[in-house]
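The residues making up each chain are set out below.
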Amino acid sequence: AVVSTQSTGEQTMRERESGVRMHRQFQHDLYKLRLTTAQHFVQALQKKMTPVSVSSSAPLKIAANVQGIGPMFRLTIEVMNTSSSVPIMGAYIMLVTNETLYVLEKCYIALPLLVPGLSYTVNVMVRCTSEQGVTDSINVFVYVKGRSAAALTAQIDMPASEAMIVG
């Protein structure tokens, strides 16, 4: 108990003597963290790797969910037009993945007229062909007809197939 009290007292003295320096270092590290976060956010916006489009001409939002324990999975993609009054015509989804690991039911999905405020759900069956339990991701691109760049991009990390792990 004496040793513990002595070390606590020494620690208190060190903190008292260098409290200003410790606070400055904390502030510096906090600023660096904020800067790094802002830089990564800008990169995500530039690569359109955000779940919400920043484009005013195609204001979209995407959400994805993977269901199943494998080797068959259901990929549910939900697309929403976040505009207050402008519908979006000619939108479609492209799915890209490693074809040696996954077989997709469909890679191209044409979307109906996207009415503002409504969610549109698309289900795609995905079969994992790997027997080693290797996983990868599926890239989802939402395009609007007449534009060369994707309006939205999402990367879905697939889970390991339970059948391959147990077997």
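Our subject is the structure listed above.
Below: a short report on this structure. For clarity, every value in this text was computed on a predicted model and none was experimentally measured.

Right, let's get into the sheet that holds strand β5 (residues 108–110). One open sheet accounts for four strands, arranged β5-β3-β7-β8; its pairing is antiparallel. Each edge of the open sheet carries a strand with a single partner, namely β5 and β8 (152–157). Averaged over all pairs of adjacent strands, the angle between their axes in this sheet comes to 15°, without regard to strand direction. One ladder, built from three bridges, connects strand β3 (residues 91–97) with β5; its direction is antiparallel. Among the inter-strand pairings, Tyr92 is bridged to a residue of β5, identified as Ala110.

Taken together, the four strands give an open sheet; going across it, the order is β1-β2-β6-β4, and neighbouring strands pair in antiparallel fashion. Lying at the two open borders of the sheet, with one neighbouring strand each, are β1 (60–67) and β4 (102–104). Taken over all neighbouring pairs, the strand axes of this sheet differ in orientation by 25° on average, direction set aside.

The residue Thr97 is located in strand β3 in this model. Note on Thr97: relative accessible area 17%, which makes it buried. Separated by 3.1 Å, the side chain of Thr97 and the backbone oxygen of Ser137 make a polar contact. In contact with Thr97, other than residues within four places in its own chain, are Tyr102, Leu104, Ser137 and Ile138.

Here strand β7 (residues 137–144) lies mainly inside the structure; six of its eight residues are buried. Sheet topology note: the β3/β7 ladder contains seven bridges and is antiparallel. Of the residues in β7, the one forming a bridge with Ile93 is Val142. As defined by bridge partners, β7 adjoins β8 across six bridges and the pair is classed as antiparallel. Residue pairing in the sheet places Ile138 in a bridge with Ile156 of β8.

What counts, and at which threshold
Residues numbered from 1 in each chain as written. Predicted model: local features only at pLDDT ≥ 70, side-chain atom pairs only at ≥ 80, totals over all residues. Heavy atoms only, no water. Pairing = 2+ DSSP bridges. Helix = DSSP H or I, 4+ residues; strand = E, 2+ residues; numbered from the N terminus. Axes fitted to C-alpha atoms, helices over the stretch in contact; angles between N-to-C directions. Buried < 20%, exposed > 50% of the residue type's maximum accessible area, 1.4 Å probe, protein only. Polar contact = N/O pair within 3.5 Å; in protein donor to acceptor, adjacent residues only side chain to side chain. Contact = heavy atoms within 4.5 Å.

Read these as layout, nothing more, since geometry by itself doesn't imply function.
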